[in-house]
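An overview of the molecular structure
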Amino acid sequence: MKTPRDLSKVHTLISDLFEWPQSKKDWEKYKLSDEQVDFFHEYGYLSNIKLLEEWQVDALNEELKELMDPEHPKHDLFYEYFSNESTDPNKVVFHSLGHWRITPGFHDVNWNPAFLMAASQLLGDESVRFWHDQLFCKPPKHGGVVAWHQDYSYWTRTVKMQHLTCWIGLDDASISNGCLHYIPKSHQWGLLDKPVLTGEMTGLFSVLNESQIKEFENAVPIEMKKGHATFHHPLMVHGSYENKSDNPRRAFVLNVFADGTVSASDEPLLRGVPVFKKGEKLEGQFFPVLLNREQEGV
């Protein structure tokens with residue numbers, strides 16, 4: 001089959017970056033333990049899960065160089081593209097959505113078996129459907145913040161809330177280079193108003209009570225080696241500080257939801273994606289099933 005210009009038309013692996021499991025036994029090696037799943041549900045996150053080998057990270061970083069070029073010949077396929085989304089003119093946060101449509105490696109990370117097995121378990125052993133991807137890159141010394149926020153506060157146009165976020169480092173993540181931070185158990189606070197994503201770090205505080213603000217003293221930094229991932233609940237309060245180090249902090253994010261999620265809007269869900277009317281199930285070219293548990297016998 002000739003590979004199309006828009007890779008969203010292909011819903012299988014197209015590179016040699018990953019190998020698809022051929023049996024239930026093959027899937028078993030990727031399973032999280034019951035203790036890991038329980039931790040996720042209690043605290044709202046699960047970190048330090050290895051999803052990529054170093055050679056796979058290297059391959060993705062090569063593709064990333066291409067994708068960050070605003071003159072890329074497939075630039076029109078991005079849902080969103082910000083060479084700098086920071087509201088601070090002295091800081092930089094590269095942020096984009098839709099790169100799975102453009103390069104084979106970032107297309108295939110959606111079908112990484114290690115990611116899908118964990119995602120399915122954390123979604124309650126449901127089949128996993130794609131929502132959208134993201135890139136977040138902070139250059140050395142001048143990398144900006146990503147404000148404290150909940151992912152689902154930006155996604156209320158899709159219901160019911162059965163979403164999951166997976167953040168994967170393309171560099172070692174540390175406090176000095178602006179790693180992700182979580183507020184443990186904040187996924188139990190309910191849905192909060194959304195702040196400006198790359199604005200003031202504490203923009204969310206205006207909608208929190210004193211007790212909740214006090215919990216930020218217990219923020220947990222998620223320091224991980226590159227190729228490792230952290231998963232979090234859609235209501236988990238998280239953010240990341242500026243990159244003060246001499247090295248870049250590059251990462252990609254995979255956002256998924258359980259099969260059966262529907263549109264809550266009559267407006268386009270993503271730029272360039274056909275409208276799904278309110279109540280219509282999300283499926284098809286742009287929202288493919290990544291793991292069908294029944295079909296794969298998982």
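Preceding block: the structure.
Description of the structure in this document. (Residues numbered from 1 in each chain as written. Predicted model: local features only at pLDDT ≥ 70, side-chain atom pairs only at ≥ 80, totals over all residues. Heavy atoms only, no water.)

Describing the pattern of salt bridges
Stated formally: One side-chain nitrogen of Lys or Arg within 4 Å of one carboxyl oxygen of Asp or Glu is enough to make a salt bridge. Here a helix means four or more residues in a row that DSSP labels H or I, a strand means two or more in a row labelled E, and each is numbered from the N terminus.
This structure, assessed with the given rule, holds 14 salt bridges. In this structure, Asp171 engages Arg250 in a salt bridge whose closest nitrogen and oxygen atoms are separated by 2.7 Å. You can see Asp171 sitting in the loop between strand 7 (163–169) and strand 8 (180–182) and its partner Arg250 sitting in strand 12 (residues 249–258), a full 79 residues away along the chain. For Lys214, the salt bridge is made with Glu217, and the minimal N-O distance between the two is 3.2 Å.

Re the layout of surface pockets
Here is the rule: For cavity detection a 1 Å grid was placed over the protein atoms alone, and a set of points counts as a cavity when a 1.4 Å probe fits there but cannot get out; an open set counts as a pocket when protein lies on both sides within 12 Å along at least five of seven lines, with lining residues being those that have an atom within 4 Å of a point. Grid points are joined across faces, edges and corners, and a volume is the space filled by probe spheres set on the points. Nonpolar residues are Ala, Val, Leu, Ile, Met, Phe, Trp, Tyr, Cys and Pro. Charged residues are Asp, Glu, Lys and Arg, and all others, Gly as well, are polar.
Reported here for the largest pocket is a volume of approximately 410 Å³. What lines the largest pocket is a set of 24 residues, among which His95, Gln134, Phe136, Tyr154 and Leu197 lie closest to the centre. Breaking the lining of the largest pocket down by element, the ones donating at least two residues are strand 3 (94–97), strand 4 (128–138), strand 5 (146–149), strand 7, strand 11 (238–240) and strand 12. Top contributing element to the lining of the largest pocket by residue count: strand 4, with three residues. Considered class by class, the residues forming the lining of the largest pocket number 10 nonpolar, eight polar and six charged. Around the second largest pocket, the lining is made up of 16 residues, and of these Glu19, Lys29, Tyr30, Asn112 and Pro113 lie nearest the centre. When its residues are assigned to classes, the lining of the second largest pocket shows eight nonpolar, three polar and five charged.

Topic: empty space enclosed by the protein
Left-over empty space is what a probe sized like a water molecule reveals as it rolls over the atoms. Taken as a whole and assessed by the stated rule, the structure comprises one cavity of 30 Å³ or more. Considered as a void within the structure, the largest cavity measures approximately 30 Å³ in volume. A per-class count over the lining of the largest cavity returns seven nonpolar, one polar and no charged.

Quick notes on the pairing of strand 7
Consecutive side chains of a regular strand alternate in pointing toward one face of the sheet and then the other. Worth spelling out the cut-off: Using a 1.4 Å probe on the protein chains alone, a residue whose accessible area is under 20% of its type maximum counts as buried, one over 50% counts as exposed, and one in between counts as partly exposed. Think of it this way: DSSP has to see at least two bridges between two strands before they count as a pair.
Within strand 7, seven of the seven residues are buried, which leaves the element mostly enclosed by the surrounding structure. The alternating pattern of strand 7 places His163, Thr165, Trp167 and Gly169 and Leu164, Cys166 and Ile168 on opposite faces, both of which are buried. Examined bridge by bridge, strand 7 and strand 12 share seven bridges and lie antiparallel to one another. What sits directly across from Leu164, in strand 12, is Val256. In terms of strand pairing, strand 7 meets strand 10 (residues 228–232) through four bridges, oriented antiparallel. Across the sheet, residue Trp167 finds its bridge partner in strand 10, namely Thr230.

Thoughts on the state of the cysteines
Formally: Disulfide: a pair of cysteine sulfur atoms within 2.5 Å of each other.
The final tally for this structure, using the stated rule, is zero disulfides. Cys137 forms no disulfide, and the closest cysteine sulfur to it belongs to Cys166, at a distance of 16 Å.

Thoughts on the packing of aromatic side chains
Inclusion rule: Whether two aromatic rings pair depends on their centres lying within 6.5 Å, for rings of Phe, Tyr and Trp, where Trp uses its six-membered ring; planes under 30 degrees apart make the pair stacked, over 60 edge-to-face, and the rest tilted.
Within the structure shown, the criterion is met by 18 aromatic pairs. Through successive ring pairs, a cluster of aromatic residues spans Trp131, Trp155, Phe257, Phe276 and Phe287.

Concerning the side chain of Gln150
Quick note on the threshold: Two N or O atoms count as a polar contact when they lie within 3.5 Å, although within protein this holds only if one can serve as hydrogen donor and the other as acceptor, and sequence-adjacent residues are included solely when both atoms are side-chain atoms.
Tracing the sequence through the fold places Gln150 in the loop between strand 5 and strand 6 (158–159). Using a relative accessible area of 1% as the deciding quantity, one classes Gln150 as buried. Only 2.8 Å separates the side chain of Gln150 from the backbone nitrogen of Leu192, close enough to count as a polar contact. A polar atom in the side chain of Gln150 sits 2.9 Å from the backbone oxygen of Leu235.

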